[in-house]
Amino acid sequence: SSKAMLITSYGQKIALSSIDEEEQAIQLKNGTKITNDGKKVTYFPTTDSLVPVKIDTIRTPRGGEFILILPDETTVWLNSETEISFPTRFDKDKRIVNLKGEAFFSVTKDSSAPFIVRTADKLTIKVLGTKFNVQAYTDENTIETTLSEGSVLVSNGQRSIQLKPNQQAVYHTSNRVLNSREVNADHISSWREGKFIFENETLESIMNKLSRWYDIHLFYANESVKNFHFTGDLERYDDFSEVLKMLEKATNIQFNINGKNVIISKTHK
């Protein structure tokens, strides 16, 4: 569901999903004005140079998602277990945000101020105006930038790759290697539309995504099942047990659910 926590530079903690009215107007301590409707938080721009620039952070928990409208009207869709830090007012010559987790960006074009996403391991994604998905979970071995529209430049400080639509830059955190490949960008960002779409993806990768969204813990009785591959669609808002039944039908695996714990084992059909 839509839920997130806003942590301001002053240490305020505001639960963005907890509102009683249709839209909640909030004024932060530095004078920044924002609104929250329970699914989306909007930061309003200010040209007042006397308003101090501060860094705010929004965190979505496991099982949560939220939408952020930045001061330049760039829209950011935040997936589960994601954190984004951003200034309450952008500089005139650059717009920088920091990301952990997964988000889809629809960036407002401004040729005088490039938009830059920074992730762990000093990876940067630089754009002017475009749409792209970034998956940068700290417990994953790769950081993936997938371009839907426009152009982005992905750099690890040693090498840069300029992406075209339906291309993905893959940064391997273990050896700092950066390369690219062709993908279906709509499938990668399908989580925004309430779907999981997998193309020849390993069970381990699929279950990592599902565990963040459904807030469950995974245990593998057989390590070999992690490398089973799947192709197919799953509904993001379906009951978790129904999702597991779909996966069980596809291959020789079995899921045993005990509260929030899921044990995954191999069967012999």
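As the structure is a computational prediction, the values presented were derived from the model and not from experiment.

Chemist: Please give an account of the layout of surface pockets that cites residues and values.
Modeler: Left-over empty space is what a probe sized like a water molecule reveals as it rolls over the atoms. Within this model, the largest pocket holds a volume of roughly 870 Å³. Looking at the largest pocket, it is lined by 37 residues, and the ones nearest its centre are Q135, E144, E201, S205 and K209. A per-element tally of the lining of the largest pocket places strand 19 (residues 195-202) first, with eight residues. Classifying every residue of the lining of the largest pocket gives eight nonpolar, 16 polar and 13 charged. The volume enclosed by the second largest pocket comes to roughly 290 Å³.

Chemist: Requested: an account of the sheet that holds strand 23 (residues 261-266), with residues and values cited.
Modeler: The pairing of strands in a sheet happens through backbone hydrogen bonds and is either parallel or antiparallel. Read from one edge of the open sheet, three strands run 20-23-22, paired in mixed fashion. Looking at the sheet topology across the chains shown, the edges are occupied by strand 20 (217-220) and strand 22 (253-258). Each adjacent strand pair in this sheet contributes to an overall mean axis angle of 25°, direction not counted. This element, helix 2 (residues 203-214), spans strand 20, strand 22 and strand 23 of the sheet and lies at about 155° to strand 20.

Chemist: Tell me about the pattern of salt bridges, and name the residues and values.
Modeler: Taken as a whole and judged by the stated rule, the model has 19 salt bridges. The shortest N-O distance in the salt bridge between E140 and R212 comes to 2.9 Å. Taken together, the residues E140 in the loop between strand 13 (131-136) and strand 14 (142-149) and R212 in helix 2 connect sequence positions 72 residues apart. The burial state of E140 is the same as that of R212; both residues are buried. K245 is the partner of E242 in a salt bridge, and the nearest nitrogen-oxygen pair spans 3.4 Å. Linking E242 with K245, this pair stays in helix 3 (residues 240-250), spanning three residues, or about one helical turn. Counted as one network, the salt bridges with shared partners bring together R62, E81, D139, E140, R212, D215 and K260.

So, how was this worked out
- Throughout, residues of each chain are indexed from 1 in the direction in which the sequence is written.
- Where local features are concerned, this predicted model is filtered to residues with pLDDT of at least 70; where side-chain atom pairs are given and counted, the filter is 80 or more; whole-chain, interface and lining totals use all residues.
- Excluding hydrogens and water, the side-chain values take into account all heavy atoms of the structure.
- Whether a set of points on the 1 Å grid over the protein atoms alone is a cavity depends on a 1.4 Å probe fitting there but being unable to get out, while an open set qualifies as a pocket with protein on both sides within 12 Å along at least five of seven lines; lining residues are those with an atom within 4 Å of a point.
- Grid points are joined across faces, edges and corners, and a volume is the space filled by probe spheres set on the points.
- Strands are runs of DSSP state E lasting at least two residues, helices are runs of H or I lasting at least four, and both sets are numbered from the N terminus onward.
- Note on residue classes: Ala, Val, Leu, Ile, Met, Phe, Trp, Tyr, Cys and Pro are nonpolar, Asp, Glu, Lys and Arg are charged, and everything else, Gly too, is polar.
- For two strands to be treated as a pair, DSSP must find at least two bridges joining them.
- Where helices are involved, their axes are fitted lines through C-alpha atoms of the stretch in contact, as for all axes, and angles between N-to-C directions lie from 0 to 180°.
- We call two residues contacting when some pair of their heavy atoms lies within 4.5 Å.
- Counted as salt bridges are all cases of a side-chain nitrogen of Lys or Arg within 4 Å of a carboxyl oxygen of Asp or Glu.
- Classification of residues uses two cut-offs on accessible area relative to the type maximum, computed with a 1.4 Å probe and protein chains only: under 20% is buried, over 50% is exposed, and between them is partly exposed.

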